[in-house]
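# Structural overview
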Amino acid sequence: MGNILSRIGNIIKWMLIVILAGSILLVLLFKYVPVYTSPLMFIRTYQQVSNGEQIRWHHEWVDLEEISPNLPLAVMASEDQNFLNHSGFDWEAIQKVIEERTEGKRMRGGSTISQQTAKNVFLFPTASSGKLAWLRKGAEAYFTLLIEFMWDKHRIMEVYLNTIEMGDGIYGAEAVAQNNFGCKASELTRNQCAMIAITLPNPLKMDSASPTSYMYKRQSWCVKQMKWLGKFPSREEYEKKE
């Protein structure tokens, strides 16, 4: 019996070593290689096929330098204003979410751009409750720490803007620019970038190509926040600050 337990323990140990080593190598690989797919893209495709719908998959990788500088600024303004300063987790924002939940206010997300990138690239979506959700949160935190350690902020933003869902079958800056605004990602205006950014919490319900009055209000708010933030620094400017 003791030998069996020892063998099982060794198997588990080596499985954990392989998983950890594989995850580190994968994060290192994506530091240099474009991320052309994500788990969510495959899930959406499966859902479309299961529903007998035509497959909608619009995605084209572009470097951060080929994306309007207004877009990283807009997503920072809307999603994570402390992105350049935190190490993956915005503890102040998390505390506010906890307080709002305790007070019974409308719940909002507290995830940073780093956390969303880790989730989008490395994990499959699961239900928002139960044991799997807790395991996924742990894995999300692990990958968030890895990318913050191994990538710089510009790489995190680059991967985020290329993999985030931005509409029905639309993934990334170049795809949303072409499909919703008839231009390249580099040609997106400040207002267009703000409109894209405010849809990110729910891109399947909020279509940046067909804004509602509520979306225009959110866009106006986002533009004001963008002016307050100033600009998204170049890689050289960010490295000098460090």
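As the structure is a computational prediction, the values presented were derived from the model and not from experiment.

## So, the sheet that holds strand β3 (residues 170–171)
As summarised here, the arrangement of the three strands in space is β1-β3-β2, forming an open sheet in which the pairing is mixed. Each edge of the open sheet is held by one strand with a lone partner, namely β1 (58–59) and β2 (165–167). Note: β1 against β3, two bridges, orientation parallel. For His58, the partnering residue across the bridge sits in β3 and is Ile170.

## A look at helix α3 (residues 70–79)
Burial of α3 is extensive: nine of the ten residues sit out of reach of the surface. Along α3, the residues that are buried comprise Asn70, Leu71, Pro72, Leu73, Ala74, Val75, Met76, Ala77 and Ser78. Buried residues along α3 sit against α5 (113–122), α7 (153–163), β2, α8 (173–181), α9 (190–199) and α10 (213–229).

## Side note on a negative patch on the surface
A contiguous patch of negative charge, built from Glu60, Asp63, Glu65, Glu66, Glu236 and Glu239, is present on the exposed surface. Considering the arrangement of structural elements, one finds Glu239 in helix α11 (residues 235–241). Residue class for Glu239 comes out partly exposed when judged on its relative accessible area of 48%.

## Things to note about the packing of α3 against α7
Contact pair α3 / α7: the axes reach a minimum separation of 11 Å and the direction vectors enclose 90°. Here α7 runs roughly perpendicular to α3, going by the angle between their axes. From α3, Leu71, Pro72, Val75, Met76 and Glu79 reach across to α7, where they touch Met157, Tyr160 and Leu161. Along the lines of polarity and charge, the residues of the contact of α3 with α7 split into seven nonpolar, no polar and one charged.

Reading guide: rules and limits
Residues numbered from 1 in each chain as written. Predicted model: local features only at pLDDT ≥ 70, side-chain atom pairs only at ≥ 80, totals over all residues. Heavy atoms only, no water. Pairing = 2+ DSSP bridges. Helix = DSSP H or I, 4+ residues; strand = E, 2+ residues; numbered from the N terminus. Buried < 20%, exposed > 50% of the residue type's maximum accessible area, 1.4 Å probe, protein only. Contact = heavy atoms within 4.5 Å. Patch = residues over 30% accessible without salt bridge, like charges linked within 9 Å, V, L, I, M, F, W, Y side chains within 5 Å. Areas by Shrake-Rupley, 256 points an atom, 1.4 Å probe, with all protein chains shown as cover. Salt bridge = Lys/Arg side-chain N within 4 Å of Asp/Glu carboxyl O. Lys, Arg positive; Asp, Glu negative; His and termini not counted. Charge placed at Lys NZ, Arg CZ, Asp CG, Glu CD. Axes fitted to C-alpha atoms, helices over the stretch in contact; angles between N-to-C directions. Parallel < 35°, antiparallel > 145°, perpendicular 65-115°, else oblique. Nonpolar A, V, L, I, M, F, W, Y, C, P; charged D, E, K, R; others polar.

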